[in-house]
Amino acid sequence: MQAIALIVLSALTLVLQGQLRAFGFPDLSLALVIAAAVKMRETQSAAYSFTIGFFEDAAYSGSFINTLVKVSVAILSASIRSLLTLNADRLCIVLAAIMTPVSMLLSSLASSFFIPDFHQSFSIFNFFYILVVNSICAPIFYNILDRIQNNEQ
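Residues numbered from 1 in each chain as written. Predicted model: local features only at pLDDT ≥ 70, side-chain atom pairs only at ≥ 80, totals over all residues. Heavy atoms only, no water.

Draft legend 1. Inspection of helix H2 (residues 28–39) at higher detail. Between its first and last C-alpha, H2 extends 17 Å over 12 residues, near the 16 Å set by a 1.5 Å rise per residue. Of all the 12 residues making up H2, 11 are buried; the element is thus mostly covered by neighbouring parts of the structure. (Helix = DSSP H or I, 4+ residues; strand = E, 2+ residues; numbered from the N terminus. Expected span 1.5 Å × (residues − 1). Buried < 20%, exposed > 50% of the residue type's maximum accessible area, 1.4 Å probe, protein only.)

If you want it as structure tokens, here you go:
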């Protein structure tokens, strides 16, 4: 039942991510990956982030750059999680603030490496919009994941 709930949560996140276009495209799947890295064990969060990245690539891009970036972010977040002693909500906010620029950088580097003649630019306003949305959504996703795991027990 927990696996079905996680797949439904991933699908709803990707649908919502495609609909939010106020000032750019927020990366809600990144916030979900960060929440999973805080809540789950390292191998579980890496496998779940692979699934989220794969679904995102299948739905939106067709390349497997999001899968690579999401797994990298999950591994980095799990490593940083072990170094910080914060409660879960604050840890999600801190990791969202750290991993949002890392994710954007990894995505741009991977895109420029794999896609010929790739040019991408970000406005500073779009960057801060994505950062704020991820910082707000990561603790919310953490609490949803916590409820899913607690209902299973």
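Draft legend 2. Region of the structure containing the nonpolar core. Ranked by size, the top nonpolar core spans 36 residues in total, and within it Leu-9, Leu-32, Ile-34, Tyr-48, Val-73, Phe-141 and Leu-145 carry the most contacts. Sort the elements by how many residues they give to this core and helix H6 (residues 124–152) lands first, with 11 residues. If sequence neighbours within four positions are ignored, Leu-145 has contacts with Leu-6, Leu-9, Leu-32, Ala-35, Ala-36, Lys-39 and Met-40. (Core = buried A, V, L, I, M, F, W, Y, C linked by side-chain atoms within 4.5 Å. Contact = heavy atoms within 4.5 Å.)

Draft legend 3. Expanded view of the packing of H2 against helix H3 (residues 42–61). Their axes nearest at 9 Å, the elements H2 and H3 cross at an angle of 170°. In terms of orientation, H2 and H3 fall into the roughly antiparallel class. Taking contact as the criterion, the partners of Ser-29, Leu-32, Val-33, Ala-36 and Ala-37 in H2 are, on H3, Ser-45, Tyr-48, Ser-49, Ile-52 and Glu-56. Its residues assigned to classes, the contact of H2 with H3 comprises six nonpolar, three polar and one charged. (Axes fitted to C-alpha atoms, helices over the stretch in contact; angles between N-to-C directions. Parallel < 35°, antiparallel > 145°, perpendicular 65-115°, else oblique. Nonpolar A, V, L, I, M, F, W, Y, C, P; charged D, E, K, R; others polar.)

Draft legend 4. Highlighting the packing of aromatic side chains. Taken as a whole and judged by the stated rule, the model has three aromatic pairs. Taken together, a centroid distance of 5.8 Å and an interplanar angle of 15° make the contact between Phe-54 and Phe-64 stacked. Linking Phe-54 in helix H3 with Phe-64 in the loop between H3 and helix H4 (65–81), this pair joins segments that are 10 residues apart in sequence. Between the aromatic rings of Phe-127 and Phe-128, the centroid separation amounts to 5.2 Å while the plane-to-plane angle is 65°, which identifies the pairing as edge-to-face. Ring pairing ties together the aromatic residues Phe-50, Phe-54 and Phe-64, which thus form one cluster. (Phe/Tyr/Trp six-rings, centres within 6.5 Å; stacked < 30°, edge-to-face > 60°.)

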